[in-house]
Amino acid sequence: MEKIGELDIDMDSLDATLALTLLPGSFTVPWSQCGATADFLAAYAAGLTADRGGPSAGELSSVVNELLENAIKFGYLGPIEVTIGTRGGDVCCRLENPV
């Protein structure tokens, strides 16, 4: 498998993380389910960073939704791993998928 992009973030050093694995076929209506999944992840992270000046759930949801939609549109060949985490008021999101 060819690696297309990489950002080296030590996800183990974050204060809190939430990870989801999305399996092929688990999104029967991909676009609406991308939005619901993004909203869930964004609400989690925004709730942890709200008192520290972190981004709003709406801002996070837009970014995570785009990442999920692109992962499904351009290469839903295997599991999609999504991890979102916080450090202080910062939010990190990592999405891995085979293409």
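Residues numbered from 1 in each chain as written. Predicted model: local features only at pLDDT ≥ 70, side-chain atom pairs only at ≥ 80, totals over all residues. Heavy atoms only, no water.

Secondary structure assignment for the protein chain yields two helices and three strands. Ordered by position from N to C terminus, the α and β elements of the protein chain give β-α-α-β-β. Here the protein chain holds 99 residues, and the buried ones make up 33% of them. With the model as given, the accessible surface of the protein chain reaches about 5,900 Å², and the carbon-plus-sulfur share is 54%. (Helix = DSSP H or I, 4+ residues; strand = E, 2+ residues; numbered from the N terminus. Buried < 20%, exposed > 50% of the residue type's maximum accessible area, 1.4 Å probe, protein only. Areas by Shrake-Rupley, 256 points an atom, 1.4 Å probe, with all protein chains shown as cover.)

This paragraph deals with the pattern of salt bridges. Under the defined criterion, the tally for this structure stands at three salt bridges. A salt bridge links Arg 94 to Glu 96, with the shortest nitrogen-to-oxygen separation between them at 3.2 Å. Here the salt bridges do not stand alone but share partners, grouping Asp 15, Asp 51 and Arg 52 into one network. (Salt bridge = Lys/Arg side-chain N within 4 Å of Asp/Glu carboxyl O.)

Attention shifts here to the nonpolar core. Core analysis: the largest hydrophobic core is formed by 16 residues, its most contacted members being Leu 41, Val 64, Leu 68, Ile 80, Val 82 and Ile 84. Those elements that place two or more of their residues in this core are strand 1 (16–22), helix 1 (30–49), helix 2 (57–73) and strand 2 (80–87). For this core, the element with the highest residue contribution is helix 1, accounting for six residues. Residues in contact with Ile 84, not counting those within four places in the same chain, are Ala 16, Thr 17, Leu 18, Leu 41, Tyr 44, Ala 45, Val 64, Val 91, Cys 92 and Cys 93. (Core = buried A, V, L, I, M, F, W, Y, C linked by side-chain atoms within 4.5 Å. Contact = heavy atoms within 4.5 Å.)

Here we take up the sheet that holds strand 3 (residues 90–96). The antiparallel open sheet is built from three strands, whose spatial order is 1-2-3. Of all strands in the sheet, those with a lone pairing partner are strand 1 and strand 3, marking the two edges. Across this sheet, the average inter-strand angle for adjacent strands is 10°, counted without regard to direction. The pairing of strand 2 with strand 3 spans seven bridges and is antiparallel. Its bridge partner being in strand 3, Gly 85 is matched across the sheet by Cys 92. (Pairing = 2+ DSSP bridges. Axes fitted to C-alpha atoms, helices over the stretch in contact; angles between N-to-C directions.)

Scanning the model with the defined rule gives zero disulfides in all. Looking at the unpaired Cys 92, the closest cysteine sulfur is the one in Cys 93, lying at 9.0 Å. (Disulfide = S-S within 2.5 Å.)

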